[in-house]
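An overview of the molecular structure
Chain by chain, the residues run as shown.
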Amino acid sequence: GAYFAQHAAYPVFVHPRAAKQNGAYELFVARVALGTPRDYKNACKGDLIRPPIESDGKNKKALYDSATGTEGNLRWFKHHDPEIQAKIRNSGSFYGKQYIVYANNQSYPSLLVEIQQLPVLEMFSLPMMWTKEKGPILANNGKGDRRHPREFEYPVAFEGPPEICSWLSWIDVGCHNHHGRIHVESKTSNSKATVECATWLDSQVHGAEVTSLAYRKTGKLAHRRVFLPERLEEKGVVGSEASIHEDGKAMADQRAIFVATRKLDWDHRRNLRFNLTHTDGCKLFFSKWADTVLFSVCAMVITSSLPLSKLQAGEIRFDHAQFKEKAWEKDEWGGKWKAFNVRFAPAFKEKPKVACGFSALDCRGSSARLKVTPSNITKEGFDVVVGTWADTEIFWCKPTWIAHEGQLAAL
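Given the structure is predicted, the values throughout are model-derived calculations rather than measurements.

1. Observations regarding the sheet that holds strand S3 (residues 37–39)
Spatially, the four strands line up as an open sheet ordered S1-S7-S6-S3, and their pairing is mixed. The open sheet has two edge strands with one neighbour each: strand S1 (2–5) and S3. Across the sheet, the axes of successive neighbouring strands diverge by a mean angle of 25°, strand direction being ignored. Two strands pair when backbone bridges link them, and S3 and strand S6 (residues 66–69) are joined in this way by three bridges, in the parallel orientation.

Okay, structure coming up:
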């Protein structure tokens, strides 16, 4: 007979067919004349080669036109994603439903369709190169704000506008007078995102890279912009703390937390020295030291209760001495870099997507120049590459990272 599945999950997950290069599946949608079907429910009837003729409970032979069942309610189904496995097993009578007909004139294909799994999460990075030929847009607000917007089109559109958050993954910020200023903003529709990098007054951004995370709101991912109190020096304070969550409580089953810098405003005549660190998954602590003067700091914090097989995040913690021990490698363009290895725990089933940021920095120079990027990504781990160039000296920094499985999607 000819088999027809009721749900697209059957040819995509249960007995998967080969996907196209873009991750889509081509499926036939058929019209099927079932007549009177014999429902075997979760039983197995492997010897049927013709429409079933069986007792109808009245000691008579009943003729059926087709057969239907659920293949044991799919209790045997296995998948590397535990959530997909649990969802299909728990609803096996729905996802496993199939029909079998035995005559050629009982079915015909009516449509050839292409389906894609709706994304749960999309992560991307956009370089912001500010040049004389392609400078930022000057906002007409009388404050000298200068903004550089860029758009990113999602490979697959979200079902509705997703949540989005952004942070800095590399910076080159100088000034005409004495302030270094940079911050990022982002907004999104279901098909594309707009990301802005901005500066204001006497500061000059020569270049930057903004990394963004767009995700469907499911309750298992959340983000928050955490602003630290402004002008701490005027209050005689060198550190402060803020809650990561609005209600002050950690997310239920919270498994991962990612912290990165989103905004900086400092006195460029002195070294830039600051540190953002989290404890207990609830509080974010800020500190600065020596002669650093910070006017404003904002962190982007992402929390996740997704299984670690799907999403992981962390930071590379070392002190000034440990950072100094690692020798700088130099390139032919005057840049220098250090690489630090990160191991995933557990390893991913496939090569993940990885993005980086920074939550601490101690540097000096004519510009604050820092680039933190992932390299040599495998299922088991990757290298975080910390780089700088020109006359900038980096005495210490704290790279942060977030990684998720390549095809993070849901039924």
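Text resumes after the structure shown.
2. Observations regarding the packing of aromatic side chains
For the structure shown, the criterion picks out 16 aromatic pairs. Aromatic ring contacts, followed pair by pair, group Phe124, Phe152, Tyr154 and Phe158 into a single cluster. Here the guanidinium or amino end of lysine 326 rests over the ring plane of phenylalanine 340, the centre of that ring lying 5.9 Å away. Sitting over the face of the ring of phenylalanine 323, lysine 338 holds its NZ or CZ atom 4.0 Å from the ring centroid.

3. Describing the sheet that holds strand S22 (residues 311–315)
Here six strands make up an open sheet; going across it, the order is S17-S20-S19-S25-S28-S22 and the pairing antiparallel. Of all the strands in the sheet, just strand S17 (239–243) and S22 have a single pairing partner and so form its edges. Direction aside, the axes of adjacent strands within the sheet are offset by 25° on average. Sheet topology places strand S19 (residues 272–279) next to strand S20 (residues 283–288); six bridges connect them, and they run antiparallel. Bridging across to S20, threonine 277 finds its partner in phenylalanine 285.

4. Overview of the side chain of threonine 400
One can find threonine 400 in strand S28 (residues 393–404). Reaching out from threonine 400, the side chain makes a polar contact with the backbone oxygen of valine 259 at a distance of 2.9 Å. Those residues in contact with threonine 400 that lie beyond four places of it in its chain are Phe258, Val259, Ala260, Gly314, Glu315, Ala355, Cys356, Gly357, Phe358 and Ser359.

The rules we used
Residues numbered from 1 in each chain as written. Predicted model: local features only at pLDDT ≥ 70, side-chain atom pairs only at ≥ 80, totals over all residues. Heavy atoms only, no water. Pairing = 2+ DSSP bridges. Helix = DSSP H or I, 4+ residues; strand = E, 2+ residues; numbered from the N terminus. Axes fitted to C-alpha atoms, helices over the stretch in contact; angles between N-to-C directions. Phe/Tyr/Trp six-rings, centres within 6.5 Å; stacked < 30°, edge-to-face > 60°. Lys NZ or Arg CZ within 6 Å of the ring centre and 35° of its normal. Polar contact = N/O pair within 3.5 Å; in protein donor to acceptor, adjacent residues only side chain to side chain. Contact = heavy atoms within 4.5 Å.

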